[in-house]
Amino acid sequence: MKPSTSPTRSIAARLSLMNLLVSGVALLLAYLSFVAYDLVNTRQDAISNLTGEAQIIGANSVTAILYDDRAVAQSTLSALAGSTDVTGAAIYTTAGQPFAQYLAKGASPIQPSSVPPGETHTGWRTGLDVLIASPIVFQGKHVGVVYIQAHLENLRRQAARFAAITAAILLFCLGVALLIGNVFRRLLSQPIVSLARTSRLISRYKDYSLRFEPTQSYTELASLTDAFNEM
Amino acid sequence: MLAFLPAFPAQAAPPLSSSDVEAAYLYNFGKFIEWPTPASPETNPAPFSICVVGKDDFGATLDSLIQNDTVNGRAIVARRLPSIAATDGCQILFLGASEQAHLAKDLDTIKDKSILTVSSIPGFLDHGGIIQFLVRDSRVRFAVNLASATRAHLTLSSELLKVAVYVNSKPAQEGQ
């Protein structure tokens, strides 16, 4: 192993490392922002879907509440059984009395909180559990409140899938970036390597007629080579 | 306990009599029924009129309920009529129990008008009435005769029909 090759190797190695660090950090930051954005977005979508469902349930329960028909309200609520994330739903009267309730198997009962006046819907969140409250307003009068309780299991699954797919894409991007970086690294370090090799030959054989291979690649390297050749 | 009676908190209120419940049901019907639009729509519509013929047990309940409410944006008035002949401008007509004896005659008098007839009198639907209050499982419910509603050019919303105990679509028997 020629001892004088190690400095050039180290330049090349440092360029590679730099390349890896820059691309890696940039992609990691991009990855984290994508995943965070997706999580916030999906959660908002899930909550707005639940709010929409609560409003539909509310609109379809007006007569049931006004005409005190719990069976009808009950059957309207049980339509939510088809909604995968929903673990329970309830209709309360304006007096705060439970009117109708639907609970999925094994779900914990709904703990309603009061809806701040003037708000069309409110969501409480603890982890993946959300509780949506949507007041039922009919012809300007407040007739009750719909609560929908959901466990956003789908959200977790969707976020995990998104994270995996994004990670795969970004790893692929990192690979491509490193390959391109390698090409540039070689272009940059090649003239330096040949400069070093020629000066080694000159010093070994004391042959001052040897000339450096001219390079056009970079202004700085070209002027360095020219300066050596003129010596 | 009824959601639409904010003046009577469920915990503190005395139990509602069935006529209190009927009063609330009665004026809420207006929100789920479409009356035919007049040929020349008024720019300033008259108040929504709930008329009562015969003796009723609503007392002051009906009047206090309608005070702060509207039907499709129209103020509501309750009118006690001296006779069935005075039903001009009524959207809803409640026939008190005392009308049982001349029910057929009453309904015949208003048969060409678009009035929602409501009563608790048994057999009201068979006489051509549109909505009849009845008691099921000690709750006030109601039944609908859709054929009579159609004849009066009234459109009842499906939301209302789904809470009816039953919906009769056979025309009322004539001459009963």
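Shown above is the structure to which this text applies.
The text that follows walks through the structure, step by step, so that each part is easy to find. (Residues numbered from 1 in each chain as written. Chains lettered and ligands numbered in written order. Predicted model: local features only at pLDDT ≥ 70, side-chain atom pairs only at ≥ 80, totals over all residues. Heavy atoms only, no water.)

Helices and strands together make up the secondary structure of chain A, namely five helices and five strands. The helix and strand sequence of chain A, counted from the amino end, reads α-α-α-β-β-β-β-β-α-α. By the burial criterion, 36% of the 231 residues in chain A qualify as buried. Of the roughly 13,500 Å² of accessible surface on chain A, 63% is carried by carbon and sulfur atoms. (Helix = DSSP H or I, 4+ residues; strand = E, 2+ residues; numbered from the N terminus. Buried < 20%, exposed > 50% of the residue type's maximum accessible area, 1.4 Å probe, protein only. Areas by Shrake-Rupley, 256 points an atom, 1.4 Å probe, with all protein chains shown as cover.)

On the chain A side, the residues contacting the 23 residues of chain B number 21 residues. Taken together, chain B and chain A are joined by three salt bridges. Across the pair K141(A) and D69(B) runs a salt bridge, and its minimum N-O distance is 3.4 Å. Summed over the shared surface of chain B and chain A, the number is 10 residue pairs in polar contact (both at pLDDT 80 or more). If you tally residues by element for the side of chain B that touches chain A, the top one is helix α1 (residues 18–29) of chain B, at four residues. Residues belonging to the side of chain B that touches chain A are distributed by class as follows: 13 nonpolar, four polar and six charged. (Contact = heavy atoms within 4.5 Å. Salt bridge = Lys/Arg side-chain N within 4 Å of Asp/Glu carboxyl O. Polar contact = N/O pair within 3.5 Å; in protein donor to acceptor, adjacent residues only side chain to side chain. Nonpolar A, V, L, I, M, F, W, Y, C, P; charged D, E, K, R; others polar.)

Taken as a whole and assessed by the stated rule, the structure comprises 12 salt bridges over all chains. In this structure, R139(B) engages D68(A) in a salt bridge whose closest nitrogen and oxygen atoms are separated by 2.6 Å. With one member in each of two chains, R139(B) in strand β8 (residues 139–145) and D68(A) in the loop between α2 (62–66) and α3 (70–78) form a pair that bridges those chains. Here D68(A) falls in the buried class, since its relative accessible area comes to 10%. Between K162(B) and E159(B) there is a salt bridge, with the nearest N and O atoms lying 3.2 Å from each other.

Looking at where T198(A) falls in the secondary structure, it is placed in helix α4 (residues 153–205). If sequence neighbours within four positions are ignored, T198(A) has contacts with R211(A) and F212(A).

Turning next to the sheet that holds strand β5 (residues 92–95) of chain B. Residues and elements named next belong to chain B. Across the sheet, eight strands lie side by side as β3-β4-β2-β5-β6-β7-β8-β10; this open sheet has mixed pairing. With one partner strand each, in any of the chains shown, β3 (70–71) and β10 (167–168) form the two edges of the open sheet. As defined by bridge partners, β8 adjoins β10 across two bridges and the pair is classed as parallel. By the bridge assignment, N145 is partnered in β10 with N168. Contacts from α1 reach β2 (48–53), β3, β4 (74–81), β5, β6 (116–119), β7 (131–136) and β8, with the element oriented near 40 degrees to β8. (Pairing = 2+ DSSP bridges. Axes fitted to C-alpha atoms, helices over the stretch in contact; angles between N-to-C directions.)

Here the focus is α1(B). All names here are of chain B. Between the first and last C-alpha of α1 there are 16 Å, a value that for 12 residues agrees with the 16 Å anticipated at 1.5 Å per step. Taking burial as the measure, the 12 residues of α1 include 11 buried ones, the bulk of the element. The set of residues buried in α1 consists of S19, D20, V21, E22, A23, A24, Y25, L26, Y27, N28 and F29. (Expected span 1.5 Å × (residues − 1).)

So, on to the pairing of β6(B). Residues and elements named next belong to chain B. What you see with β6 is no split at all: L116 and V118 on one side and T117 and S119 on the other are buried throughout. Pairing between β5 and β6: four bridges, direction parallel. Bridging from a neighbouring strand, L95 pairs with S119 of β6. For the segment spanning β5, helix α3 (residues 103–109) and β6, crossover handedness is right-handed. Sheet topology places β6 next to β7; two bridges connect them, and they run parallel. Each bridged residue has a counterpart across the sheet, and for S119 the counterpart in β7 is Q132. (Right-handed = clockwise from strand over helix to strand, strands pointing away.)

Turning next to the packing of aromatic side chains. In total, this model carries 12 aromatic pairs over all chains according to the counting rule given. Ring centres of F29(B) and F133(B) lie 5.9 Å apart, and the angle between their planes is 20 degrees; on these two criteria the pair is classed as stacked. Taken together, the residues F29(B) in helix α1 and F133(B) in strand β7 connect sequence positions 104 residues apart. You'll find F29(B) and F133(B) in the same group, each marked buried. An aromatic cluster is present here, built from Y67(A), F138(A), Y25(B), F29(B), F32(B), F58(B), F94(B), F133(B) and F142(B) joined pairwise through their rings. (Phe/Tyr/Trp six-rings, centres within 6.5 Å; stacked < 30°, edge-to-face > 60°.)

Right, let's get into the nonpolar core. Counting 66 residues, the largest nonpolar core has F29(B), L116(B) and F142(B) as the members making the most contacts within it. Per-element tally for this core: the top contributor is α1(B), with seven residues. Excluding residues within four positions of it along the chain, F29(B) makes contact with Y67(A), I92(B), L116(B), V118(B), I131(B), F133(B), F142(B) and L160(B). (Core = buried A, V, L, I, M, F, W, Y, C linked by side-chain atoms within 4.5 Å.)

For N28(B), the position within the fold is in helix α1. At 3.1 Å, the side chain of N28(B) and the backbone oxygen of A24(B) are in polar contact.

This brings us to the packing of α4(A) against helix α5 (residues 219–230) of chain A. Residue and element names in this part refer to chain A. Interaxial distance between α4 and α5 falls to 11 Å at its minimum, and their mutual angle equals 15 degrees. With respect to their mutual orientation, α4 and α5 come out roughly parallel. Remark: the crossing between α4 and α5 carries left-handed chirality. Counted together, L188, P191, I192 and L195 of α4 and L221, L224, T225 and F228 of α5 form the full contact between these two elements. (Parallel < 35°, antiparallel > 145°, perpendicular 65-115°, else oblique. Left-handed = near helix turned anticlockwise from the far one by under 90°.)

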